[in-house]
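What the coordinates show
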Amino acid sequence: MSLPPDKPLSLEKQFRFQWEPAQQCHVLLYPEGLIRLPGSAGEIIQRIDGNASLNGIIAALEQAYPGAELRQDVIDFLENAHDKGWIRVV
Amino acid sequence: MTKDGSALSESRSGPLWVNAELTYRCPLHCVFCYNPLDYTSTFGKELSTDEWLKTLREARELGAVQLGLSGGEPLLRDDVEILIAEASKMGYYVNLITSGIGLTEERIAAFKEGGLDQIQLSFQDSTKELNDFLSSTRTFELKLKIARLIKQYGYPMVLNVVLHKLNIDHIEQILEMAEAMEADHVELANSQYYAWAFKNREHLMPTREQLQRAEAITMRFRERLGKKMKLYFVVPDYYADRPKACMNGWGAVFLNIAPDGLALPCHEARMLPGLEFPNVREHDVDWIWNQSPGFTAYRGDGWMKEPCRSCDEKHKDFGGCRCQAYMLTGDATNADPVCSKSSHHHLIVEQVERAQHSLISAEETRPLLFYRDDKNARQFADEEKSCSEH
């Protein structure tokens, strides 16, 4: 399912995002489970705060990584995250 | 050393999931309980608040992220508030597994404040009172009240119902109740045959027909309610021919801490003979997980015999459950007899066959059941003691 480009995105209720020192990677925690978010996956989810939209997140990442061709990758990743029920449109 | 083993030893390894059995005290007497038969032996030896916090801190340092607070009935401890708040600060995702008895608004508010992430409410079916429960407005009202409280504090309503021969035919009423409680997730899990449930196995195993009917009814509710109420149905593993991947492997992700501080790779391992399990009072979690003989015994696949050793599914199911292998074959290193490749598989087949021909009614069964209570537990403890003395 495609995500609206300008609506705020938020983590789904019951999901918690945090840095795991033991695994040296970001994770999403939810009841009885854990999703590892290595590298860019963690960078993307980190920017979901209930305010930023898809376009906003892409802009922020483009600013952090100038010159990187990341628009389509971010869209694909977040659409997949939405399909899996990790995030929702506010 | 295997390739897997050397990869493991390079990085510091630890559990991901800690199950803290805070107490084996419980107001319920469920005949399918998986607490040890001699659970009263932990009375008077329960870990203190500080001992729990030390243990949780050590496990967290090794990378544990999920914490279950269970029992017995964990709410019988008055330090649950402290444990939740401290564990949450440490970075655990904290799950409370409770019958709901003792859950007041004051306590749930404190849990929320402390950062509790999830509440799992078990259906209070102690079998003796089952019919009363299903028909009693008073208990039903109480249950609805607790469910509303859980929702009011922003938690999803997660309901756990243990199914067995004596209640499985009430599945429609159970699901109607779940719907009235506006449950978000309902786990309908048939009892697994360990501890008290193993003692009562004969009377708890449903027939094939009962299972099929219950599954069909569950399907009907699932189709009607869709995402509104998610339903999970778990059949007893005796009805399968592939063993379950018990605990995702021995000492792989799961650390169970009993009320007396005994550290175990699963809820049931205490019963296995010849293995000495460490206590968190005497050892730190790093040593317990990475060095103790109890945790390394069946880790990986070095311990396996045939048919597991040469089986191409050995990394999928890890040979099934060590405790079930021990209970049914007398040797924990045998394949779980649920596996059709096991030379003991006939034990499962025969037990399932026996379940199809039980002629006695629920009313006649009730007096034959072993209820999980302190008197019976003390009796088991005494029997064990006199066995080891002789």
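Above this note sits the structure.
To start, this report covers the structure provided alongside it.

Quick word on the interface of chain B and chain A
In this complex, chain B contributes 17 residues to the contact, which on the side of chain A involves 14 residues. Interface area, chain B with chain A, both sides summed: about 1200 Å², of which 47% is carbon and sulfur. By the criterion of area lost to chain A, the three top residues of chain B are Val65(B), Gln66(B) and Tyr93(B), representing 37% of everything that side buries. Our enumeration of links across chain B and chain A arrives at two salt bridges. For the pair chain B and chain A, the interface holds 10 residue pairs in polar contact (both at pLDDT 80 or more). Elements represented by at least two residues in the side of chain B that touches chain A include exactly helix H2 (49-61), strand E3 (93-98) and strand E4 (118-122) of chain B. When its residues are assigned to classes, the side of chain B that touches chain A shows seven nonpolar, seven polar and three charged.

A few points about unusual backbone geometry
Residues and elements named next belong to chain B. Following Gly-71, the chain continues into Gly-72 via a peptide bond in cis, with omega recorded as 10°. Position of Gly-72 among the secondary structure elements: in the loop between strand E2 (66-71) and helix H3 (80-90). Residue Glu-306 is joined to Pro-307 through a cis peptide bond whose omega torsion reads 5°. Turning to its location among the elements, Pro-307 is positioned in the loop between helix H12 (293-296) and helix H13 (314-317). Unlike most non-glycine residues, Asn-248 shows phi in positive territory, near 55°.

Quick notes on the sheet that holds strand E4 (residues 33-37) of chain A
All names here are of chain A. Read across the sheet, three strands follow the order E2-E3-E4 without closing on themselves; strand pairing throughout is antiparallel. The open sheet terminates on both sides in strands that have one partner only, identified here as strand E2 (16-20) and E4. Strand-to-strand twist of the sheet, defined as the mean angle between neighbouring strand axes without regard to direction, takes the value 30°. The sheet contact formed by E2 and strand E3 (residues 25-30) spans five bridges and is antiparallel. Bridging from a neighbouring strand, Trp-19 pairs with His-26 of E3.

A closer look at the nonpolar core
Residues and elements named next belong to chain B. Ranked by size, the top nonpolar core spans 65 residues in total, and within it Val-18, Leu-67, Leu-69, Tyr-92, Ile-150, Leu-159 and Val-186 carry the most contacts. Those residues in contact with Ile-150 that lie beyond four places of it in its chain are Leu-103, Ile-108, Ile-119, Leu-121, Tyr-155, Pro-156 and Met-157. In this structure, Leu-264, Phe-277, Cys-323 and Met-327 belong to the second largest nonpolar core, which totals 26 residues.

Quick notes on the sheet that holds strand E9 (residues 263-264) of chain B
Residue and element names in this part refer to chain B. Taken together, the nine strands give an open sheet; going across it, the order is E7-E6-E5-E4-E3-E2-E1-E8-E9, and neighbouring strands pair in mixed fashion. Here the strands that pair on one side only, and so sit at the sheet edges, are strand E7 (230-234) and E9. Sheet strands touched by H2: strand E1 (17-23), E2 and strand E8 (254-257). Its angle to E1, the strand with the most contacts, is close to 175°. Running at roughly 165° to E7, helix H10 (residues 208-225) makes contact with strand E6 (185-190) and E7 of the sheet.

Cut-offs and rules
Residues numbered from 1 in each chain as written. Chains lettered and ligands numbered in written order. Predicted model: local features only at pLDDT ≥ 70, side-chain atom pairs only at ≥ 80, totals over all residues. Heavy atoms only, no water. Contact = heavy atoms within 4.5 Å. Buried area = accessible area lost by both parts, 1.4 Å probe. Salt bridge = Lys/Arg side-chain N within 4 Å of Asp/Glu carboxyl O. Polar contact = N/O pair within 3.5 Å; in protein donor to acceptor, adjacent residues only side chain to side chain. Helix = DSSP H or I, 4+ residues; strand = E, 2+ residues; numbered from the N terminus. Nonpolar A, V, L, I, M, F, W, Y, C, P; charged D, E, K, R; others polar. Pairing = 2+ DSSP bridges. Axes fitted to C-alpha atoms, helices over the stretch in contact; angles between N-to-C directions. Core = buried A, V, L, I, M, F, W, Y, C linked by side-chain atoms within 4.5 Å. Buried < 20%, exposed > 50% of the residue type's maximum accessible area, 1.4 Å probe, protein only.

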